[in-house]
Amino acid sequence: MENTNIPDDVVSNILSRLSAKPLMRFRCASKHWNSLITDPGFINSRSRRMILMPSGLTGLYAYDPKHRDIVKLTYPFEHQIYKCKIIGTLSNGVVILVLEKHYFGPRTCILYNPLTRATKKLFDLPRPCCDADAEECAYGFGQGNIIIINHECYNPSRNEHNKCNIFSLKTGAWTVPKTTFTVGGESGFFVDNVGLFLNGFLHWIEYVCIEHMFSILVFDVTEMVLTRMDGPRVLVDGYNQKSSVLGMLHGRLCLSNMWSNGFDVWVKEHSEWSKQYSFALPFYQNGCPNYLDLCILEEGRILVKDGVSNQIIMCHLFEDYYDIFKCASEIRVISRYGIDGSGHDFGKPVEYVESLVSPSDIYHV
Amino acid sequence: MSKKTLTLMSKDKQLFNIEEHLAVQSVTIRNMVKEDGASSVIPLPRVDSETLALVIEYLNRQQAPEEDEDYVKKFVDERGEIPTLLELAQAALDLDIKKLMDAACMKVADLIKDFTLEEVREALRIENDRTPEEEKAIRDEFQWAF
């Protein structure tokens, strides 16, 4: 037989164009193919940038914007999950998830690789003590620490406020911040309960009940101190605050604020907020648009969900154009706040680069 | 000004003429021309005549740069058989014609993405050197991928 061996360069080139499912399956084809696929250089050169989207009861979805491909990922559990939040992304393609098995049930925090679907359990969290259906807990990840702020009910008799706990991925140890802090007050809540990490600080939008205003809660990860800062005027005024997300633009903190057919982006520069971008989305002739900004990605890309047509829109802020991605009918992209009547909220999507890194290699305490 | 012509020789000793300015889309040929003027016949010991004829057809295309991407895609689409595409990819590798190589590999990836293990082994001439136990271990770990 002539030409039995196909050169590795050709095989690697072919394999690099495959999505996760055939790629993992073909590891089984032969030892040689397995070694080609698991070669760190191969996965790095393939470097597929994906967006991970949790969607209530229906699951986690991996969306490949470049190849316009969307895949449903199975949860790493046998049972249905009521809620899933992505609370952090490690640079090596592993994400940190908090899974809630049923309504107000116990929560588990895990590491998850969306390419290999390998998991590693980090810890269990107690069920929230507050029985109000509020955004009861805030999460964040920065500098190897997972920060959890329990938004428990204020207990006047014990003068107890909210608790903040910090988990180190490196040591597996728990610590508490140096200062205690009242978060939100009696019925305050987090608008965005996965924090944005920037320059050593985590940021959440919270509603401060006592003061009837929205502001930004800030956690200094190095000093382990909680503080609060003002958001842009649009946030403080409380206008349409539920449709605001925090993000990063040119290395600065920013906030997007949705209006009926588009959104504004406010940027914080030298401790001042200013409106720097306005982005228009398609106008609905018949009927009301139902846009929701989901997250702000790198390079000025903002992901917006169109609740009417069930589309995901990738807005390119700097180039002023957008891409529409129509989801398959089985994929219902549920809002962050359950306003579709589903009651199941939708965690903030994140971007990650596919890798073969094993969660067990990251956390082995 | 007369156009200079180069001669390429396939592994089955067939000769193909091509104008030099078109042939230098191949980085391999471009380097040869730079080094010694490539006055003699350029041998391509791993490329058969059928494949070389395809490569020559590709190099001879007259496409505006903005239409080129579509042309390459169409070119490989029309030759949608896996064995042909693999030969083409290997020739493009040897001649260092990146666009053709990428398009041929993309097409193969597209054709095999839904293949079972047995199908992919047959199509890409892979010898199964896994023991049933090893295969089962991977199947168990990546159940969702099968």
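Everything numeric in this text was worked out from a predicted model, so none of it was measured.

**Q** Got a minute to help me understand the overall build of chain B in this structure?
**A** Each helix and strand in chain B was counted, giving eight helices and three strands. For 146 residues, the compact-globule estimate of 2.2 N^0.38 gives 15 Å, and the C-alpha radius of gyration of chain B, at 19 Å, exceeds that figure by more than 25%. The principal-axis extent of the C-alpha atoms belonging to chain B is close to 65 × 35 × 25 Å. A buried classification covers 43% of the 146 residues belonging to chain B. Counting only contacts in chain B whose residues sit at least 6 apart along the sequence, the fraction spanning at least 24 positions is 58%. Positive and negative side-chain charges of chain B, numbering 20 and 32 respectively, have mean locations separated by a distance of 4 Å.

**Q** Would you mind showing me how to read the side chain of Arg 61 of chain B here?
**A** Residues and elements named next belong to chain B. Assignment of secondary structure puts Arg 61 in the loop between α3 (49-59) and α4 (65-77). Taking the relative accessible area as the measure of exposure, Arg 61 reaches 13% and is therefore buried. Ignoring sequence-local partners within four residues, the contact set of Arg 61 consists of Gln 25, Asp 68 and Tyr 71.

**Q** When you look at the UniProt feature "domain: SKP1 component dimerisation" (unreviewed entry) in chain B in this model, what are you seeing that I'm missing?
**A** The UniProt record marks residues 98-145 of chain B with the feature "domain: SKP1 component dimerisation" (unreviewed entry), using the residue numbering of this structure. In this annotation, residues 98-145 of chain B is assigned 67% helix and 0% strand; the end-to-end C-alpha distance for the span is 30 Å.

**Q** Help me understand the packing of aromatic side chains in this model?
**A** Residues and elements named next belong to chain A. Counted under the stated rule, the structure contains twelve aromatic pairs over all chains. With centroids separated by 5.3 Å and ring planes inclined at 10 degrees, the aromatic side chains of Phe 263 and Phe 279 adopt a geometry described as stacked. Within this pair, whereas Phe 263 is found in strand β19 (residues 262-269), its partner Phe 279 is found in strand β20 (residues 272-280), the two being separated by 16 residues in sequence. Neither Phe 263 nor Phe 279 differs from the other in exposure class; each is buried.

**Q** I tried to follow the sheet that holds strand β6 (residues 107-112) of chain A on my own but got confused; where do I start?
**A** Whenever strands of a sheet pair, they do so through backbone hydrogen bonds, lying parallel or antiparallel. Residues and elements named next belong to chain A. The antiparallel open sheet is built from four strands, whose spatial order is β4-β5-β6-β7. Edge positions in the open sheet fall to β4 (83-89) and β7 (119-125), since each of these has one partner strand only. Averaged over all pairs of adjacent strands, the angle between their axes in this sheet comes to 25 degrees, without regard to strand direction.

**Q** Quick question: what am I supposed to make of the interface of chain A and chain B here?
**A** By a frequent convention, interface size equals the accessible area lost on bringing the separate parts together. Residue-level contacts link 30 residues of chain A with 35 residues of chain B. Roughly 3,000 Å² of surface becomes buried between chain A and chain B when both sides are summed, with 65% attributable to carbon and sulfur atoms. Among the residues of chain A in contact with chain B, Arg 17, Arg 25 and Cys 28 of chain A are the three that bury the most area, contributing 21% of the side total. Viewed at the interface, chain B and chain A are joined by one salt bridge. Notably, a salt bridge pairs Arg 17 of chain A with Asp 102 of chain B, separated by 3.1 Å at the nearest N-O pair. Listing elements by their share of the side of chain A that touches chain B, those giving two or more residues are α1 (8-15), α2 (20-25) and α3 (31-38) of chain A. For the side of chain A that touches chain B, the element with the highest residue contribution is α2 of chain A, accounting for five residues. Looking at the side of chain A that touches chain B residue by residue, the class counts come to 14 nonpolar, eight polar and eight charged.

**Q** Help me understand α4 of chain B in this model?
**A** An α-helical turn contains 3.6 residues, so a residue and the one three or four places further along point in the same direction. Residues and elements named next belong to chain B. Its 13 residues place the ends of α4 19 Å apart at the C-alpha level, agreeing with the 18 Å of an ideal helix rising 1.5 Å per residue. Where α4 is concerned, the buried positions are Asp 68, Val 72, Phe 75 and Val 76. In this structure, the buried residues of α4 make contact with α3, α5 (82-95) and α6 (98-112).

**Q** What is the right way to look at the sheet that holds strand β2 (residues 15-19) of chain B in this model?
**A** Residue and element names in this part refer to chain B. Judged by pairing direction, the sheet is mixed, and its three strands sit side by side in the order β2-β1-β3 without closing on themselves. Strands at the two margins of the open sheet, each flanked by one partner only, are β2 and β3 (42-43). Bridging between strand β1 (residues 5-9) and β2 involves five bridges; their strand directions are antiparallel. Looking across to β2, one finds that Thr 5 is bridged to Glu 19. In the packing of α3 onto the sheet, contacts are made with β1 and β2, and the angle to β2 comes to roughly 10 degrees.

**Q** Would you explain the nonpolar core in this entry?
**A** One recurring pattern in soluble globular proteins is that nonpolar side chains are buried together. Ranked by internal contacts, the top residues of the largest apolar core, which has 63 residues, are Leu 15 and Trp 33 of chain A. If we ignore the near neighbours within four places in the chain, the residues touching Leu 15 of chain A are Leu 23, Phe 26, Trp 33, Leu 36, Ile 37, Phe 42 and Arg 46 of chain A.

**Q** Honestly, the confidence of the model for chain B in this entry has me stumped. Any pointers?
**A** Detailed reading of the predicted coordinates is not advisable wherever pLDDT is low. Taken over all residues, the pLDDT of chain B has a mean of 87, while the share at 70 or more is 97%. Predicted complex metrics record ipTM = 0.91 and pTM = 0.82.

**Q** Sorry if this is basic, but what is going on with the packing of α1 of chain A against α5 of chain B here?
**A** When two helices pack together, their arrangement is given by the angle between the helix axes and the distance between those axes. Closest axis-to-axis distance for the α1 of chain A/α5 of chain B pair is 9 Å, and the angle between their directions is 115 degrees. Where α1 of chain A crosses over α5 of chain B, the handedness of that crossing is right-handed. Listed contacts from α5 of chain B to Asp 9, Val 10 and Ile 14 of chain A of α1 of chain A are Leu 86, Ala 89, Gln 90 and Leu 93 of chain B. Here the residues of the contact of α1 of chain A with α5 of chain B sort into five nonpolar, one polar and one charged.

**Q** I tried to follow the environment of Ile 51 of chain A on my own but got confused; where do I start?
**A** All names here are of chain A. For Ile 51, the position within the fold is in strand β1 (residues 49-55). Judged by relative accessible area, Ile 51 falls into the buried class, the value being 0%. Each C-alpha atom, one on Ile 51 and one on Cys 28, is 27 Å from the other, the two residues being 23 residues apart in sequence. Residues in contact with Ile 51, not counting those within four places in the same chain, are Tyr 61, Ala 62, Tyr 63, Pro 65, Leu 297, Leu 303, Met 314, Pro 349, Val 350, Glu 351 and Tyr 352.

**Q** Looking at this structure, I do not really get unusual backbone geometry. What am I missing?
**A** Trans peptide bonds make up the majority, and among non-glycine residues the majority have a negative phi. Residues and elements named next belong to chain A. Residue Gln 143 is not a glycine yet carries a positive backbone phi of 50 degrees. You can see Gln 143 is positioned in the loop between β8 (137-142) and β9 (145-150). The phi dihedral of Ser 271 falls on the positive side, at around 60 degrees, and the residue is not glycine. Relative to the assigned elements, Ser 271 resides in the loop between β19 and β20.

**Q** Teacher, can you tell me more about the pairing of strand β2 (residues 59-64) of chain A here?
**A** Every regular strand shows the same layout, with side chains that alternate between the two sheet faces. Residue and element names in this part refer to chain A. The element β2 is largely enclosed, with a buried count of six among its six residues. Pairing between β2 and strand β3 (residues 69-73): five bridges, direction antiparallel. Residue pairing across strands places Leu 60 opposite Leu 73, the latter belonging to β3. Here β2 hands over to β3 after four residues, with Arg 68 in that stretch at a positive phi of 45 degrees.

Definitions and limits used
- Residues numbered from 1 in each chain as written.
- Chains lettered and ligands numbered in written order.
- Predicted model: local features only at pLDDT ≥ 70, side-chain atom pairs only at ≥ 80, totals over all residues.
- Heavy atoms only, no water.
- Helix = DSSP H or I, 4+ residues; strand = E, 2+ residues; numbered from the N terminus.
- Rg over C-alpha atoms; globule rule 2.2 N^0.38 Å.
- Buried < 20%, exposed > 50% of the residue type's maximum accessible area, 1.4 Å probe, protein only.
- Contact = heavy atoms within 4.5 Å.
- Lys, Arg positive; Asp, Glu negative; His and termini not counted.
- Charge placed at Lys NZ, Arg CZ, Asp CG, Glu CD.
- UniProt positions renumbered as here; feature names shortened; annotations may be inferred.
- Phe/Tyr/Trp six-rings, centres within 6.5 Å; stacked < 30°, edge-to-face > 60°.
- Pairing = 2+ DSSP bridges.
- Axes fitted to C-alpha atoms, helices over the stretch in contact; angles between N-to-C directions.
- Buried area = accessible area lost by both parts, 1.4 Å probe.
- Salt bridge = Lys/Arg side-chain N within 4 Å of Asp/Glu carboxyl O.
- Nonpolar A, V, L, I, M, F, W, Y, C, P; charged D, E, K, R; others polar.
- Expected span 1.5 Å × (residues − 1).
- Core = buried A, V, L, I, M, F, W, Y, C linked by side-chain atoms within 4.5 Å.
- pLDDT = per-residue confidence, 0-100.
- Left-handed = near helix turned anticlockwise from the far one by under 90°.

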